[in-house]
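Breakdown of the fold
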Amino acid sequence: WPVKVVPVCINTVQFPLPSAARCYKLGAAIGRAVAAYPSDARVLILGTGGLSHQLDGERAGFINKDFDLQFMESLTSDPTWATQYSIHQLVEKTGTQGVELLMWLAARAALGPKARKLHANYHIPISNTAAGLMLLEPVA
């Protein structure tokens, strides 16, 4: 591969779940480590996971499109926006499995304070989950 890949994988299943603020700090630390590495290698920070969705229980099928789109927009306009929410609040806004957005948040933090959106897509297929994709690059 012409790039090195750093996957960001955070527990979003077993309690206690890390806070959004803690995940953001983890991502920032990853970014500092990559920047400090003595190499001119190109590095891809990869965050994965869902946006709002709940697969079971009383709110099965829950999707919060407005929150998802606001979260995605915040990754370039105000990357710490989601850190204002507790895990409980994030579950309320995104569904039980929606806290997977913590991985998006950490990956974004690795890019530094400013990032430019190169591509974004959001789609709600006929299922219990929405799908999102973003490609960002740091702005020096």
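The notes below deal with the structure included here.

The rules behind each value
Residues numbered from 1 in each chain as written. Predicted model: local features only at pLDDT ≥ 70, side-chain atom pairs only at ≥ 80, totals over all residues. Heavy atoms only, no water. Phe/Tyr/Trp six-rings, centres within 6.5 Å; stacked < 30°, edge-to-face > 60°. Lys NZ or Arg CZ within 6 Å of the ring centre and 35° of its normal. Core = buried A, V, L, I, M, F, W, Y, C linked by side-chain atoms within 4.5 Å. Buried < 20%, exposed > 50% of the residue type's maximum accessible area, 1.4 Å probe, protein only. Helix = DSSP H or I, 4+ residues; strand = E, 2+ residues; numbered from the N terminus. Contact = heavy atoms within 4.5 Å. Pairing = 2+ DSSP bridges. Right-handed = clockwise from strand over helix to strand, strands pointing away. Axes fitted to C-alpha atoms, helices over the stretch in contact; angles between N-to-C directions. Left-handed = near helix turned anticlockwise from the far one by under 90°. Nonpolar A, V, L, I, M, F, W, Y, C, P; charged D, E, K, R; others polar. Patch = residues over 30% accessible without salt bridge, like charges linked within 9 Å, V, L, I, M, F, W, Y side chains within 5 Å. Areas by Shrake-Rupley, 256 points an atom, 1.4 Å probe, with all protein chains shown as cover. Salt bridge = Lys/Arg side-chain N within 4 Å of Asp/Glu carboxyl O. Parallel < 35°, antiparallel > 145°, perpendicular 65-115°, else oblique. Arc of directions from axis to C-beta.

Moving on, we come to the packing of aromatic side chains. Taken as a whole and assessed by the stated rule, the structure comprises 4 aromatic pairs. By way of ring pairs, the aromatic residues F67, W81 and Y85 are connected into one cluster. Here R59 stacks its cationic end above the ring of F62, 4.2 Å away from the centre of that ring.

Within the largest apolar cluster, 33 residues are counted, with the highest numbers of intra-cluster contacts made by F71 and L90. If you list the elements that add at least two residues to this core, you get α1 (20-36), α2 (65-77), α3 (87-94), α4 (101-109), β3 (115-123) and β4 (131-138). In terms of residue count, α4 provides more of this core than any other element does, 8 residues in total. The contacts of L90, once residues within four sequence positions are left out, are A20, F67, Y85, G95, V99 and L102.

It is worth spelling out the pairing of strand β2 (residues 43-47) at this point. Each regular strand displays side chains that alternate between the two surfaces of the sheet. Bridge count for strand β1 (residues 4-8) against β2 is 5 bridges, and the pairing is parallel. Within β2, the position partnered with V5 by the bridge is L44. In the classification by handedness, the crossover that spans β1, the intervening α1 and the parallel β2 is right-handed.

At a closest axis distance of 6 Å, the pairing of α1 and α4 adopts a crossing angle of 40°. Relative to α4, the crossing made by α1 is right-handed. Contact residues: α1 offers A20, C23, Y24, G27 and A28, while α4 offers L102, L105, A106 and A109. Tallied by class, the residues present in the contact of α1 with α4 amount to 8 nonpolar, 1 polar and no charged.

A few words on a nonpolar patch on the surface. Together, W1, V5, L44 and L46 line one region of the surface with nonpolar side chains, adding up to about 440 Å² of accessible area. Note on placement: L46 falls in strand β2. You can call L46 partly exposed: its relative accessible area is 42%.

In this section: the packing of α2 against α4. It is at 10 Å that the axes of α2 and α4 come closest, and there the two elements cross at 15°. Taken together, α2 and α4 sit at an angle that is classed as roughly parallel. Read as a crossing pair, α2 and α4 show a hand that is right-handed. Touching F67, F71, M72 and L75 of α2 are L101, W104, L105 and R108, all from α4. Its residues placed into classes, the contact of α2 with α4 shows 7 nonpolar, no polar and 1 charged.

What follows is about α3. One turn of an α-helix holds 3.6 residues; hence residues three or four places apart share an orientation. Residues of α3 that are buried: I87, L90 and T94. An end-on view of α3 places all buried positions within 55° of arc, on one side of the element. Trailing α3 by a residue or two, G95 shows a phi angle of about 90°, which is positive.

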